[in-house]
Amino acid sequence: MSEDNWDVVVIGGGGAGLAAAVSAAEQGASVLLFESQTELGGSTQLSAGLFTAAGTSVQRGLGIEDTAEKFFQHYMDLNHWMLKPGLVRAFCENAGPTLEWLIGLGVEIPARESANAHMPGLAQAGVEDVWRGHVPKDQGYGLVQVLDKARRDRGVEVVMNTRVQSLLVEDGRVVGVVADDIEVRASAVVIASGGFAQNKDLVDRLYPFANRGGDSLFVVAAEGSQGDHLAFGEQVDAAVTGEGWGLMLPTAYFQRFHHWQSGFPPKSRIYVNGGGRRFMDEDASYAVSTGIIDAQQGGAWVVFDERARLNLPVGYTDWAPERILEEAESGRTLRADSLTELAGAMGVPADALEAAVTRWNDQLPNGVDDDFLRHRTLSNKGSTANPDPIDQGPFYAARLLPAELVCTHAGVEIDSNASVLDRTGRPVDGLFAAGEAGAGILGLRYVGGGNAVANALTMGRIAGMNAARTARGESTTSTALTTAGI
C-alpha cells in the first residue's frame, strides 16, 4: 500500500468491487482495491453466480426475444413501484451489456436451457414470463476468477486483509480513505463493502424481519458483510434507503446451511398453514415464496411421508434420511402413523389436512395441479417424473419458516450514476457505491435468482467508470455505459 495519490480507491473485493476496479482501470485510471478478508470474492464467490439480465446474446441464441424495457416493467411491478424508476431503469438497461462485458472477459454462459441455478445456461430466475437467469460455468467462483484475472491484467493493486477505517473528507469532498492508520488519497472512492448480514446489531435495527427465524436463523453472506458502508455514509451525511428490506429464504426449522450443503426437501411434500390447508406451489420462486409463507395464519408446515424420507439422497447435512429420523426421534419433527394423528400433533384441523393431502394425491402424481400450478414450475426446473403420492406412513411434519439470511438491502442511497446521495438528494463529490452497499435497486421483493449479482456487477461497473471519469475531471453518466466496453 502506498500513500501516493490514486485515481480511484475501491473498498471491498467482492463482485461489485472487482467490477468497479476493472472498469475503472479500463478507463485508464490507477486503482487501489482494499479487501478486509484474506481472499477476494465476498458473497459473490459464495453464490451460484446467477445473473439476471434482458436482451442478451444467450437469450437470442435460444430464440428468446426480450428487452430492457420489459425487464424494467416486471422489476418495478414486483416491487410495487416503491423504487426510483430512473435508477432501476439504468440498472435494467445496463445489466445486459454488463453480462456481455463479462462474456468478453471470459465468463462462459452457454446458449442452452438450464433446469436450475447450478447448470450453466439460461434458467427461470423468478416469476418472470421471459427467462432471465444466466448461470455461468463454475458458479460465483467462476465469475470472481474471471474478474480477478481481468484485475491482474489491468494492473489493479490489491491490499488484502485490511479493513478501511474511514473516508478522507475535505470541504465536503471525498479525497481518499484511511486504512491501517495510513491516509491513502484518491480522486474518487467506490464503496463496495457488501451488506450487513453478519452484523447482528445492524440486522436488529435495519432488517428486524430476519429475527422471525428465531433460533433457526442462519446467515450465508460473506464474513465481510459487516455494514461498513453505513459508517462511511455517516461521515458524509449520506441518505440511507432500503430499511426493512432484504432476502430471507424459506427453510425447515432444522436447516443450518444453504441448500448446497443442506440438501433439498423431498419432491413429494405439501405445505399447509395453521388451518391445515395447502396454500402455495411448494416450488415457487423465492422471489415470492417467503412473503407467502410469512403471511400464513398459524405459521406453516411441510408435510411428507416415509417413502419421501427414504428417497432423500444421502450426503447432505440436513435433508437426509438419517437426519430426518433423528429429528423425529427427538420429537422436534412431528411423526405419526396417520394424518389424523399428525394433525392432532400439529394443532391443525384433521379434516382439512386430510382433504389437502387427498387433493394433492389426486393431482400432482398425475402431472397436474389445478390449484397452484406446481406442474408448470416442476417442468421449468426440468423435472419430468411426477411426484409420488403422500400415502405411506408414518407421516412427518416440520415447521417451515424464513430463516436463511442471504443479503440485506439497506445502504447508502445512490443515483443512476452510482453516485452516493446526501440527505438532501445531492451527489457527494468523489463518492460512489455499488452492490449491497449502494442501495435503491434491491427492493421490497427480490426479483429472482441473480438479482444481487447482477446489481453488484452492473452498478459496480457503472461506479468504476464514473469514478475514473471523476478522476479525469469529466462529468459522470450512466447512459453511455449501454455500449461502453463491448
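Residues numbered from 1 in each chain as written. Predicted model: local features only at pLDDT ≥ 70, side-chain atom pairs only at ≥ 80, totals over all residues. Heavy atoms only, no water.

Novice: In this structure, what is going on with the sheet that holds strand β4 (residues 121–123)? I would like to understand it.
Specialist: Think of a sheet as strands paired side by side through backbone hydrogen bonds, with each pair either parallel or antiparallel. With antiparallel pairing, the three strands of this open sheet are ordered in space as β3-β5-β4. Each having just a single partner strand, β3 (51–52) and β4 make up the two edges of the open sheet. As judged from the two bridges shared by β3 and strand β5 (residues 133–135), these two strands associate in the antiparallel manner. If you follow Phe51 over to β5, its bridge partner there is His134. (Pairing = 2+ DSSP bridges. Helix = DSSP H or I, 4+ residues; strand = E, 2+ residues; numbered from the N terminus.)

Novice: Help me understand helix α14 (residues 350–363) in this model?
Specialist: Spanning 14 residues, α14 covers 20 Å between terminal C-alpha atoms, matching the ideal 20 Å at 1.5 Å per step. The complete set of buried residues in α14 reads Ala352, Leu353, Ala356, Val357, Trp360, Asn361 and Gln363. (Expected span 1.5 Å × (residues − 1). Buried < 20%, exposed > 50% of the residue type's maximum accessible area, 1.4 Å probe, protein only.)

Novice: I would appreciate a short explanation of the UniProt feature "domain: FAD-dependent oxidoreductase 2 FAD-binding" (unreviewed entry) in the protein chain in the present structure.
Specialist: Look at the UniProt record and you will see "domain: FAD-dependent oxidoreductase 2 FAD-binding" (unreviewed entry) annotated at residues 7–453. Helix makes up 32% of residues 7–453 and strand 22%, whereas the separation of the span's terminal C-alpha atoms amounts to 26 Å. (UniProt positions renumbered as here; feature names shortened; annotations may be inferred.)

Novice: What is the right way to look at the environment of Leu339 in this model?
Specialist: The topology assignment puts Leu339 in helix α13 (residues 339–346). According to the relative accessible area criterion, Leu339 is buried, its value standing at 12%. As for Leu339 and Glu354, which are separated by 15 residues in sequence, their C-alpha atoms are 6.3 Å apart. Once residues lying within four places of it in the same chain are set aside, the contact partners of Leu339 are Leu353, Glu354, Val357 and Phe395. (Contact = heavy atoms within 4.5 Å.)

Novice: How should the pairing of strand β2 (residues 31–34) be read in this particular structure?
Specialist: One face of the sheet, then the other: side chains in a regular strand alternate in exactly this way. Along β2, one buried face is formed by Val31 and Leu33 and the opposite face, lined by Leu32 and Phe34, is buried too. Where strand β1 (residues 6–11) and β2 come together, four bridges link them in parallel fashion. Bridge assignment links Val8 to a residue of β2, and that residue is Val31. At this point the chain moves from β1, through helix α1 (residues 15–26), to the parallel β2, and the crossover so formed is right-handed. (Right-handed = clockwise from strand over helix to strand, strands pointing away.)

Novice: Which parts of the structure should I look at to understand the packing of aromatic side chains?
Specialist: What describes a pair of aromatic rings is the distance from one ring centre to the other and the angle between the planes of the rings. Counting across every chain of the model gives 10 aromatic pairs. Here Tyr207 and Phe209 contribute two aromatic rings whose centre-to-centre distance is 6.1 Å and whose plane-to-plane angle is 40°, an arrangement assigned as tilted. No difference in accessibility class separates Tyr207 from Phe209, as the two residues are buried. Between the aromatic rings of Phe254 and Trp319, the centroid separation amounts to 5.0 Å while the plane-to-plane angle is 65°, which identifies the pairing as edge-to-face. Pair noted here: Phe254 is in the loop between β12 (246–252) and α9 (259–262) and Trp319 is in the loop between α11 (306–310) and α12 (321–330), with a separation of 65 residues, a long-range link. For Phe254, a relative accessible area of 3% corresponds to the buried category. Members of the aromatic cluster, joined through ring pairs, are Tyr253, Phe254, Phe304, Trp319 and Tyr396. The positively charged end of Arg89 is found above the aromatic ring belonging to Phe72, 4.2 Å away from the centroid. (Phe/Tyr/Trp six-rings, centres within 6.5 Å; stacked < 30°, edge-to-face > 60°. Lys NZ or Arg CZ within 6 Å of the ring centre and 35° of its normal.)

Novice: Sorry if this is basic, but what is going on with the side chain of Ser216 here?
Specialist: Of note, Ser216 is situated in the loop between α7 (200–206) and β10 (218–219). Side-chain polar atoms of Ser216 contact the backbone oxygen of Tyr253, separated by 2.9 Å. Excluding residues that lie within four positions of it along the chain, Ser216 makes contacts with Tyr253, Gln255, Arg256, Leu401 and Ala403. (Polar contact = N/O pair within 3.5 Å; in protein donor to acceptor, adjacent residues only side chain to side chain.)

Novice: Even after reading the chapter, I still don't get the pattern of salt bridges, so can you show me in this structure?
Specialist: Two side chains bearing opposite charge may form a pair once their charged atoms approach each other closely. Counted under the stated rule, the structure contains 28 salt bridges. Two residues, Asp283 and Lys381, come together in a salt bridge whose shortest N-O distance is 3.6 Å. Residue Asp283 is located in the loop between β13 (270–273) and α10 (289–294), and its partner Lys381 is located in the loop between α15 (374–380) and β16 (395–408); the two are separated by 98 residues in the primary sequence. Relative accessible area serves as the criterion here: at 14%, Asp283 is assigned to the buried category. On the basis of relative accessibility, which here comes to 39%, the residue Lys381 falls in the partly exposed class. The salt bridge involving Glu474 is made with Arg472; its shortest N-O contact spans 3.0 Å. Arg472 gets classed as partly exposed once you look at its relative accessible area, which sits at 38%. (Salt bridge = Lys/Arg side-chain N within 4 Å of Asp/Glu carboxyl O.)

Novice: What is the right way to read unusual backbone geometry from this model?
Specialist: Most peptide bonds take the trans form, and the phi angle of most residues other than glycine is negative. Residue Pro394 is bonded to the preceding Gly393 through a cis peptide linkage, with omega at 5°. Position of Pro394 relative to the elements: it lies in the loop between α15 and β16. A positive phi angle, close to 60°, is found at His80, a residue other than glycine. Checked against the element boundaries, His80 lands in the loop between α4 (68–78) and α5 (85–105). With relative accessibility at 52%, the residue His80 sits in the exposed group. Unlike most non-glycine residues, Asp237 shows phi in positive territory, near 55°. Inspection of the secondary structure assignment puts Asp237 in the loop between α8 (228–235) and β11 (240–241).

Novice: Explain the environment of Arg89 to me, please; I cannot follow it from the model alone.
Specialist: Residue position: Arg89 is located in helix α5. Separated by 133 residues in sequence, Arg89 and Ala222 place their C-alpha atoms 28 Å apart. For Arg89, the contacting residues outside a window of four places in its chain are Glu69 and Phe72. Here Glu69 takes part through its side chain, which lies 2.6 Å from a polar atom of the side chain of Arg89.

Novice: I tried to follow α1 on my own but got confused; where do I start?
Specialist: Along an α-helix, residues three or four apart share an orientation, since each turn contains 3.6 residues. Helix length check: α1, at 12 residues, gives a terminal C-alpha distance of 16 Å against a target of 16 Å (1.5 Å per residue), a fit within 8%. Summarising burial for α1: 11 of the 12 residues are buried, a large majority. Among the residues of α1, those classed as buried are Gly15, Ala16, Gly17, Leu18, Ala19, Ala20, Ala21, Val22, Ser23, Ala24 and Ala25. Looking one or two residues beyond α1, the residue adopting positive phi is Gly28, at roughly 90°.

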